Amino acid sequence: QVQLVESGGGLVQAGGSLRLSCAASGSMFSRNAMGWYRQAPGKKRELVAAISGSGSTYYTDSAKGRFTISRDNAKNTLALQMNSLKPEDTAMYYCAAGDGWRLLVQPGEYGYWGQGTQVTVSS
């Protein structure tokens, strides 16, 4: 069974920082494409950042300059460093993984999902 487990969410004031982590089971994910999605109440799930098996990255416009996605292939872990957080960043954040190494941006392209970790940013 493939498992993705997120951690690092919490409550933070606007302007603060959080670092989210995702641990993937099995060495088969050491070079798979991965991403971070978020979903707020009443809104669609949206891609925040993505990374390919070779390290190429993508960021949604609202995350550029503030968030950084990274991976440690040897440890099968994915991270999202979030700085200068804003109240509109409040959402449940999900870790996702695909079956290949190329950069993925559509939710249907990811075959594996974690349970999510809540991020709440106060004004």
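Just above, that's the structure.
Keep in mind that what you see is a predicted model, and the values were worked out from it rather than measured.

Draft legend 1. Inspection of unusual backbone geometry at higher detail. Look at N76: it is not a glycine, yet its phi comes out positive at around 55°. As for its position among the elements, N76 is in the loop between β7 (67-72) and β8 (77-82). Looking at N76, the relative accessible area reads 12%, which means it is buried. For S84, which is not glycine, the phi torsion reads 50° and is therefore positive. Structurally, S84 can be placed in the loop between β8 and β9 (91-97).

Draft legend 2. Main features of the nonpolar core. Counting residues in hydrophobic clusters, the biggest one holds 27 residues, and the most contacted among them are L80, M82 and Y93. Leave out the neighbours within four places in its chain, and M82 touches G16, S17, L18, L20, R66, F67, Y93 and V119. Counting residues in hydrophobic clusters, the runner-up holds 8 residues, among them Y37, A50, Y94 and L104.

Draft legend 3. A look at the sheet that holds β8. Sheet architecture is open: 4 strands sit in the order β1-β3-β8-β7, paired in antiparallel fashion. Taken across any chain shown, the strands that pair with only one partner, and hence form the sheet edges, are β1 (4-7) and β7. On average, each strand axis in the sheet is tilted by 15° relative to the strand beside it, whichever way the strands run. Where β1 lies against strand β3 (residues 18-24), 4 bridges are found, and the strand directions are antiparallel. If you follow S7 over to β3, its bridge partner there is S21.

Draft legend 4. Local environment of the side chain of E6. With respect to the helices and strands, E6 occurs in strand β1. Of the buried charged residues, E6 lacks a salt bridge, with R45 as the closest side chain of opposite charge at 7.9 Å. From its side chain, E6 meets the backbone nitrogen of C95 in a polar contact 2.8 Å long. Here the side chain of E6 touches Q115 through a polar contact of 3.1 Å, landing on its backbone nitrogen. Ignoring sequence-local partners within four residues, the contact set of E6 consists of S21, C22, W36, Y93, Y94, C95, G114, Q115, G116 and T117.

Draft legend 5. Spotlight on the pattern of salt bridges. Evaluation of the coordinates by the stated rule reveals 4 salt bridges. Here D89 and R38 are joined by a salt bridge, their closest N and O atoms 3.0 Å apart. Pair noted here: D89 is in the loop between β8 and β9 and R38 is in strand β4 (residues 34-39), with a separation of 51 residues, a long-range link. Like R38, D89 is buried. Where R66 meets D89, a salt bridge forms, and the shortest distance between an N and an O atom there is 2.8 Å. Here D89 lies in the loop between β8 and β9 and R66 lies in the loop between β6 (57-59) and β7, a separation of 23 residues in the sequence. Considered together, R66 and D89 belong to a single accessibility category, that of buried residues. One salt-bridge network, held together by shared partners, links R38, E46, R66 and D89.

Analysis parameters
- Residues numbered from 1 in each chain as written.
- Predicted model: local features only at pLDDT ≥ 70, side-chain atom pairs only at ≥ 80, totals over all residues.
- Heavy atoms only, no water.
- Helix = DSSP H or I, 4+ residues; strand = E, 2+ residues; numbered from the N terminus.
- Buried < 20%, exposed > 50% of the residue type's maximum accessible area, 1.4 Å probe, protein only.
- Core = buried A, V, L, I, M, F, W, Y, C linked by side-chain atoms within 4.5 Å.
- Contact = heavy atoms within 4.5 Å.
- Pairing = 2+ DSSP bridges.
- Axes fitted to C-alpha atoms, helices over the stretch in contact; angles between N-to-C directions.
- Lys, Arg positive; Asp, Glu negative; His and termini not counted.
- Salt bridge = Lys/Arg side-chain N within 4 Å of Asp/Glu carboxyl O.
- Polar contact = N/O pair within 3.5 Å; in protein donor to acceptor, adjacent residues only side chain to side chain.

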